[in-house]
Amino acid sequence: MQARTLRGWGWVHKWSSLVSTLFILLLCLTGLPLIFSHEIEHLAGSEIEAPPMPAGTPQIALDRVAAEAVKAHPGLVPLYFFAEEDLPDLWYVKLDTRVDTDESESLLILSDARTGQVVDVSAFDEGFMSVMYRLHVDLYAGLAGKLFLGFMGLLLVVAIVSGVVLYAPFMRKLRFAEVRRERAPRTRWLDLHNLLGIVTLVWALAVGFTGVINTWADLIFQAWQAEQVAALQAGKTQVLLPKDASDVPAADGSLQTAVDRVLAAAPGMAISMIAYPGTLRATPEHVAVILRGDTPLTSRLTQALLVDPADGEVLEASARPWYVTALQLSEPLHFGDYGGLPLKILWALLDILTIVVLGSGLYLWLKRGATEVRG
Amino acid sequence: MMRIWLWPLALGLLSALGLLAGLVSDGAGDWFGWLALGLPTLVGLQGMWRGRAPTQAPRRAAAVRPAERG
């Protein structure tokens, strides 16, 4: 490579790293406990469980769960129900002042699916983990904070790619993984920076770039919503269950019946999320029911069906577009939560190695010139 | 060229396969994922161990200090 080209890549590597390093360090540090949030909750005893009741206690209608939630939090309206695979008797219910807010001030509560009672959990959205989460996700600055961190993530990707280009010239006279520990500290750290950078390369690119995609989640869902509404208006929808289907309960305007009709139209699927009309995930007139399958892949790649609570028609407005697929695959690849505890431990170790790469990079910049002078 | 890129390429490919394996299959996929991501991690950790600061560096201290004073 020509010396001028090399200097150019060096410039790109230096500035993309310098601008983003402190934020990426923050992301690595706050991300570390977040990898284990499930385990930490378990150890801290703040794990959420449904109050004990006889096995097989039937669940009440969703409409009653919603009514109880609103009764407990007057002035708010329900936006979403979320189901957790391992908490079958609980619903997470998201409430806000309107259905079309940006949800930054929304309230997430837990409701007992059998009684509608709001389960008292000692402030599961406060405390250390919540601070870690907000610092990691949006710096307490909503969408602007997310997009800012996303931009820092893009700079990280640039830094990684330019770092790979610079790897070869630095390694010309070295064996792979050679660390010259008897030389000056800067040389030792340069070798470590190169080694750790190259072994974490693919993981850091994957986690970095999927993190960037996750920051676009709101925009991605907005785009999909627009696409679904457009498909509805153009009449380009696929009807999965007609209004007058005979072997399912007739629509009566209730949420429960609407959801039952969706489940009847999609056998073998389980509810992941229910979105009220007017929210980001639904359309102004339809309830959206997000369904998941039971294989590792289909439990991530969900299917969104729309149902009109007034007439009970179940539709698929538009098949999941590629950018939603990308987002849904980005979540596990960023969180590292798809391969049990061993994968989480590897995630943590690679995260720590990345911290060393960032720290050594900063050190190399601060001590720049030292090696050239002293040889 | 090949000498420089052989190991990085092998470890990178292994990492990529490891990242995807756990997504597409439980059980065998998870095991492969742990091994495939574990290897580059191990190489990195081992490098950190080999590259730890020398416990004593009398030669360097002697060589550098007079120069700095002067």
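Along its length, chain A carries twelve helices and eight strands. Within chain A, the proportion of its 375 residues that are buried is 47%. In chain A, once contacts between residues fewer than 6 apart in sequence are set aside, the share between residues at least 24 apart is 60%. Each charge class in chain A was averaged separately, 29 positive and 39 negative side chains, and the resulting centres sit 20 Å apart.

Residues and elements named next belong to chain A. Closest axis-to-axis distance for the helix α1 (residues 3-35)/helix α2 (residues 37-44) pair is 5 Å, and the angle between their directions is 60°. By the angle between their directions, the pair α1 and α2 is classed as oblique. Contacts from Pro33, Leu34 and Ile35 in α1 reach Ser37, Glu39 and Ile40 in α2. Its residues assigned to classes, the contact of α1 with α2 comprises four nonpolar, one polar and one charged.

The domain boundaries assigned to chain A delineate domain 1 (3-39 + 133-214 + 335-374), domain 2 (47-121) and domain 3 (238-316). Once you take the C-alpha centre of each, domain 1 of chain A and domain 3 of chain A turn out to be 43 Å apart.

Residues and elements named next belong to chain A. Inspection of helix α4 (residues 128-137) places Met129, Ser130, Met132 and His136 among the buried residues, and these make up the whole buried set. Down the axis of α4, the sector holding all buried residues measures 160°, keeping them to one side. Immediately downstream of α4, the backbone of Leu139 shows phi near 55°, a positive value.

As a further point, take the interface of chain B and chain A. Size of an interface, as often reported, equals the accessible area lost when the parts are brought together. The partner chain A presents 42 residues to the 34 residues of chain B that form the contact. Taking both sides of the interface into account, the surface hidden between chain B and chain A amounts to around 3300 Å²; carbon and sulfur atoms contribute 71%. Considering only the surface of chain B that becomes buried against chain A, Leu19, Leu23 and Trp34 of chain B emerge as the three largest contributors, covering 20% of it. On inspection of chain B and its partner chain A, the count reaches zero salt bridges. If you look at where chain B meets chain A, you find eight residue pairs in polar contact (both at pLDDT 80 or more). Listed by contribution, the elements that provide at least two residues to the side of chain B that touches chain A are α1 (2-24), α2 (28-50) and α3 (58-69) of chain B. Taken together, the residues that form the side of chain B that touches chain A break down as 17 nonpolar, nine polar and eight charged.

All names here are of chain A. Taken as a whole, this structure holds twelve salt bridges over all chains when the rule is applied. The residue Glu39 makes a salt bridge to Lys344 at a minimum N-O spacing of 3.0 Å. Taken together, the positions of Glu39 in helix α2 and Lys344 in helix α11 (residues 340-366) put the pair 305 residues apart, joining distant regions of the chain. A salt bridge links Glu178 to Arg175; the nearest nitrogen and oxygen atoms lie 3.6 Å apart. Using a relative accessible area of 58% as the deciding quantity, one classes Arg175 as exposed. Through salt bridges with shared partners, a single ionic network connects Asp89, Asp112 and Arg114.

Nonpolar side chains in soluble globular proteins tend to be buried together. Within the largest apolar cluster, 46 residues are counted, with the highest numbers of intra-cluster contacts made by Ile24, Leu195, Trp203, Tyr338 and Trp347 of chain A together with Leu19 and Leu37 of chain B. Elements with a contribution of two residues or more to this core: α1, α5 (142-171), α6 (185-199), α7 (201-215) and α11 of chain A together with α1 and α2 of chain B. For this core, the leading source of residues is α11 of chain A, giving ten residues. Judged by nonpolar contacts, the second largest core, of 30 residues, contains Ile109, Ala113, Leu291 and Val307 of chain A.

It is worth spelling out the packing of aromatic side chains at this point. All names here are of chain A. What the rule picks out here adds up to eleven aromatic pairs over all chains. Here the aromatic rings of Phe23 and Phe148 are separated by 4.9 Å at their centres, their planes lie at 80°, and the arrangement is edge-to-face. In this pair, Phe23 is assigned in helix α1 and Phe148 in helix α5, connecting sequence segments 125 residues apart. On the basis of relative accessible area, Phe148 is assigned to the partly exposed category, the value being 33%. Plain terms: the ring middles of Tyr80 and Phe82 are 5.7 Å apart, the flat faces sit at 45° to each other, and that makes the pair tilted. Residue Tyr80 is classed as buried on the basis of its relative accessible area of 2%.

A few words on the sheet that holds strand β2 (residues 87-96) of chain A. All names here are of chain A. Ordered by their spatial adjacency, eight strands build an open sheet running β3-β2-β1-β5-β6-β7-β8-β4, and the pairing between neighbours is antiparallel. Two strands in the sheet have a free side with no partner beyond their single neighbour: β3 (107-112) and β4 (238-241). Here the average twist between neighbouring strands, direction ignored, is 30°. In terms of strand pairing, β2 meets β3 through six bridges, oriented antiparallel. Directly across from Trp91, in β3, lies its bridge partner Ser111. On the sheet, helix α9 (residues 255-265) packs against β1 (77-84), β4, β5 (270-275), β6 (287-292), β7 (303-307) and β8 (314-316) and is oriented at approximately 40° with respect to β6.

A few words now on a nonpolar patch on the surface. All names here are of chain A. A cluster of nonpolar side chains, namely Leu143, Leu147, Phe151, Leu154, Phe209, Trp216 and Leu219, defines an oily patch on the protein surface of about 560 Å² accessible area. The leading source of residues in the nonpolar patch is α5, at four residues. In this structure, Leu143 sits in helix α5. Given a relative accessible area of 34%, Leu143 falls into the partly exposed group.

Definitions and limits used
Residues numbered from 1 in each chain as written. Chains lettered and ligands numbered in written order. Predicted model: local features only at pLDDT ≥ 70, side-chain atom pairs only at ≥ 80, totals over all residues. Heavy atoms only, no water. Helix = DSSP H or I, 4+ residues; strand = E, 2+ residues; numbered from the N terminus. Buried < 20%, exposed > 50% of the residue type's maximum accessible area, 1.4 Å probe, protein only. Contact = heavy atoms within 4.5 Å. Lys, Arg positive; Asp, Glu negative; His and termini not counted. Charge placed at Lys NZ, Arg CZ, Asp CG, Glu CD. Axes fitted to C-alpha atoms, helices over the stretch in contact; angles between N-to-C directions. Parallel < 35°, antiparallel > 145°, perpendicular 65-115°, else oblique. Nonpolar A, V, L, I, M, F, W, Y, C, P; charged D, E, K, R; others polar. Domains from an automatic or database assignment. Arc of directions from axis to C-beta. Buried area = accessible area lost by both parts, 1.4 Å probe. Salt bridge = Lys/Arg side-chain N within 4 Å of Asp/Glu carboxyl O. Polar contact = N/O pair within 3.5 Å; in protein donor to acceptor, adjacent residues only side chain to side chain. Core = buried A, V, L, I, M, F, W, Y, C linked by side-chain atoms within 4.5 Å. Phe/Tyr/Trp six-rings, centres within 6.5 Å; stacked < 30°, edge-to-face > 60°. Pairing = 2+ DSSP bridges. Patch = residues over 30% accessible without salt bridge, like charges linked within 9 Å, V, L, I, M, F, W, Y side chains within 5 Å. Areas by Shrake-Rupley, 256 points an atom, 1.4 Å probe, with all protein chains shown as cover.

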